[in-house]
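Now for the letters of each chain:
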Amino acid sequence: MRPRRWTGLIRRWGRYLPVSARTPVVTLDEGNTDLVPAPALAAELDLGRARAEVWLKIEGQNPTGSFKDRGMTLAVSKAAEEGSRAVLCASTGNTSASAAAYAARAGMKCVVLLPKGSIALGKLAQALVHGATALAVEGNFDDALDMARQAAERFPITLVNSVNPYRLQGQKTGAFEVVEQLGGAPDLHCIPVGNAGNISAYWMGYREAKEHGLSRTLPRMLGFQAAGAAPLVRGHRVANPKTVATAIKIGNPASWDLAVAALKESRGRVEAVTDAAILKAYLLLTRREGVFCEPASAASVAGLLRLSREGWLRRAAAGRGRGVVRIVCVLTGHGLKDPDRAIALSPKPKVIRPDLASLAKALRW
Ligand code: AN7
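Residues numbered from 1 in each chain as written. Predicted model: local features only at pLDDT ≥ 70, side-chain atom pairs only at ≥ 80, totals over all residues. Heavy atoms only, no water.

Caption draft 1: Quick look at the packing of aromatic side chains. Tallying each qualifying case throughout the model produces five aromatic pairs. Taking NZ or CZ as reference, Arg 12 lies 3.8 Å from the ring centre of Trp 13, over its face. (Phe/Tyr/Trp six-rings, centres within 6.5 Å; stacked < 30°, edge-to-face > 60°. Lys NZ or Arg CZ within 6 Å of the ring centre and 35° of its normal.)

Caption draft 2: Representation of the sheet that holds strand E3 (residues 86–90) within the structure. Across the sheet, four strands lie side by side as E5-E4-E3-E6; this open sheet has parallel pairing. Lying at the two open borders of the sheet, with one neighbouring strand each, are strand E5 (133–137) and strand E6 (158–159). One ladder, built from two bridges, connects E3 with E6; its direction is parallel. Note that in E6 the partner of Val 87 across the bridge is Thr 158. Across the sheet, helix H6 (residues 141–154) touches E3, strand E4 (109–115), E5 and E6, and the angle it forms with E3 is around 150 degrees. (Pairing = 2+ DSSP bridges. Helix = DSSP H or I, 4+ residues; strand = E, 2+ residues; numbered from the N terminus. Contact = heavy atoms within 4.5 Å. Axes fitted to C-alpha atoms, helices over the stretch in contact; angles between N-to-C directions.)

Caption draft 3: Up close: the pattern of salt bridges. Enumeration over the complete set of coordinates arrives at 16 salt bridges. When the shortest N-O distance is used, the salt bridge between Glu 177 and Lys 57 registers 2.7 Å. Of this pair, Glu 177 sits in helix H8 (residues 173–182) while Lys 57 sits in strand E2 (residues 51–58), and the two are 120 residues apart along the sequence. Given a relative accessible area of 0%, Lys 57 falls into the buried group. Between Glu 310 and Arg 306 there is a salt bridge, and its shortest N-O distance comes to 2.6 Å. Take Arg 306: its relative accessible area is 24%, and that puts it in the partly exposed class. Members of the salt-bridge network, linked through shared partners, are Lys 57, Glu 59, Arg 70 and Glu 177. (Salt bridge = Lys/Arg side-chain N within 4 Å of Asp/Glu carboxyl O. Buried < 20%, exposed > 50% of the residue type's maximum accessible area, 1.4 Å probe, protein only.)

Caption draft 4: Fine view of the site of the ligand. Close to the ligand lie 22 residues, the nearest being Asn 94, Thr 95, Asn 195, Asn 198 and Thr 332. Contact distances for the ligand include 3.0 Å between an oxygen atom and a side-chain N or O atom of Ser 91. Thr 332 places a side-chain nitrogen or oxygen 2.6 Å from a nitrogen atom of the ligand. Of all the elements in the fold, those that place two or more residues in the shell around the ligand are helix H4 (94–106) and helix H9 (197–211). A per-class count over the shell around the ligand returns eight nonpolar, twelve polar and two charged. (Near = heavy atom within 4 Å. Polar contact = N/O pair within 3.5 Å; in protein donor to acceptor, adjacent residues only side chain to side chain. Nonpolar A, V, L, I, M, F, W, Y, C, P; charged D, E, K, R; others polar.)

Caption draft 5: A look at the side chain of Ser 96. With respect to the secondary-structure elements, Ser 96 resides in helix H4. The contacts of Ser 96, once residues within four sequence positions are left out, are Cys 89, Ser 91, Val 112, Leu 114 and Ala 127.

Caption draft 6: Focus on the pairing of E3. E3 sits mainly inside the fold: five of its five residues count as buried. Neither face of E3 is exposed, since Ala 86, Leu 88 and Ala 90 on one face and Val 87 and Cys 89 on the opposite face are all buried. Relative to E4, E3 runs parallel, the two being bridged by five bridges. What sits directly across from Val 87, in E4, is Cys 110. Between the parallel pair E3 and E4, the chain is carried across by H4, and the sense of this crossover is right-handed. (Right-handed = clockwise from strand over helix to strand, strands pointing away.)

Caption draft 7: Geometry of the environment of Glu 81. Within the secondary structure, Glu 81 is located in helix H3 (residues 68–81). Residue classification places Glu 81 among the partly exposed residues on the basis of a relative accessible area of 30%. Between the C-alpha atoms of Glu 81 and Ser 20, which are 61 residues apart in sequence, the distance is 9.9 Å. The contact partners of Glu 81, leaving out residues within four places of it in the chain, are Ser 20, Arg 22, Thr 23 and Pro 24.

Caption draft 8: Looking closely at the nonpolar core. Among the nonpolar cores identified, the biggest contains 43 residues, and Leu 41, Leu 45, Val 54, Leu 56, Leu 304 and Ile 327 are the most heavily contacted of them. At the level of secondary structure, the elements contributing two or more residues to this core comprise helix H2 (39–44), E2, strand E7 (188–192), strand E8 (220–226), helix H12 (275–289), helix H13 (295–309), helix H14 (312–316) and strand E10 (324–331). Broken down by element, the residue count for this core peaks at eight residues, all from H13. In this structure, Leu 56 is in contact with Asp 34, Leu 35, Val 36, Ala 38, Leu 41, Leu 285, Val 291, Cys 329 and Leu 331, ignoring residues within four places of it in sequence. (Core = buried A, V, L, I, M, F, W, Y, C linked by side-chain atoms within 4.5 Å.)

Caption draft 9: Examining unusual backbone geometry more closely. Of note in this structure, Asn 32 is not a glycine but carries a positive phi near 60 degrees. On the secondary structure map, Asn 32 appears in the loop between helix H1 (9–13) and strand E1 (35–37). Judged by relative accessible area, which is 41%, Asn 32 ranks as partly exposed. A positive phi angle, near 55 degrees, is found at Arg 364, a position not held by glycine.

Caption draft 10: Focus on the packing of H8 against H9. Running from N to C, H8 and H9 cross one another at 50 degrees; their axes reach a closest spacing of 7 Å. The orientation of H8 with respect to H9, classified from their angle, is oblique. At the point where H8 passes H9, the crossing takes the right-handed sense. In this structure, H8 uses Gly 174, Ala 175, Phe 176, Val 178 and Val 179 to contact H9, whose residues at the interface are Tyr 202, Gly 205, Tyr 206, Glu 208 and Ala 209. (Parallel < 35°, antiparallel > 145°, perpendicular 65-115°, else oblique. Left-handed = near helix turned anticlockwise from the far one by under 90°.)

In structure tokens:
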């Protein structure tokens, strides 16, 4: 039998990407992540007479545990094609983890600028273990991104933040996969928003999927920011963003205009969700769906629950009668990225002696 395995998103979707036969494909076989039903979450939603079908796009299944690998395979492949020997990014963690891994794969140097003290443990471990030069910037992500942009103009190093257009090109494949997995676009697409690259990339992907005849419809894009880091909701930059969801602790999103266009064109919405609501959604996913994502990812679910509570979902579903409304929530990163948060929210294991009596006592049997 001819071997047949997934060989990454450039090989699968290359005809829709800015690559040629000359592009050296730097891949870790990213993409092709599962779309898992979320019945417990669906049961929490109020759509009036309509019924919700909720799907989780598990981007934590990517090689470095986040959706960033979709953009990074393309950005690093194109950097290699252009003869670059080094890549640079500012990051709240996941971009640095991904850049470090793909640079290692490509034999390139990697420099990552990390806001000091704001990076989840797993992400820091990844950047370091893949051999990146990590610098802790005394400032926030927005300061670090400013520096990275300036440095890339001055020095011979390729910027792989999402201001690099290849990043969004790679990330749009998430929408192609959703369309393929559902046999068409969903009605609603829920996604956390930080630097606003991913919401822009998904919208581009859905639009292209329609143009290429892969889907007949487009979803409404629903973006969610942490309440303490919600520049798009407030309509202005946030100087000192604050949230437990460190991945989206961003006050001045680079893809601001693209995200606003996506929201407008899709008749979407951008809303803020509190840290308490994010952590509640995180625990719903971990304890009732058995799905472990990082806090920032749970913002998409917190937002969906908020829109349900406010009656927005019910109004949005009004035209459907007793029909089904299909909702996708992108879970952008794996829960193991931020083990400290998982442990902080959970009871500590009780220490017991190695005998049955101690076990029975601990369990109150
Ligand atoms: C898990 O790694 O910005 O709105 O530097 O890691 O496209 O920025 C990460 C962002 C959502 C927000 N979920 O996506 C970085 C970084 C997770 C993330 C986002 C991020 P964008």
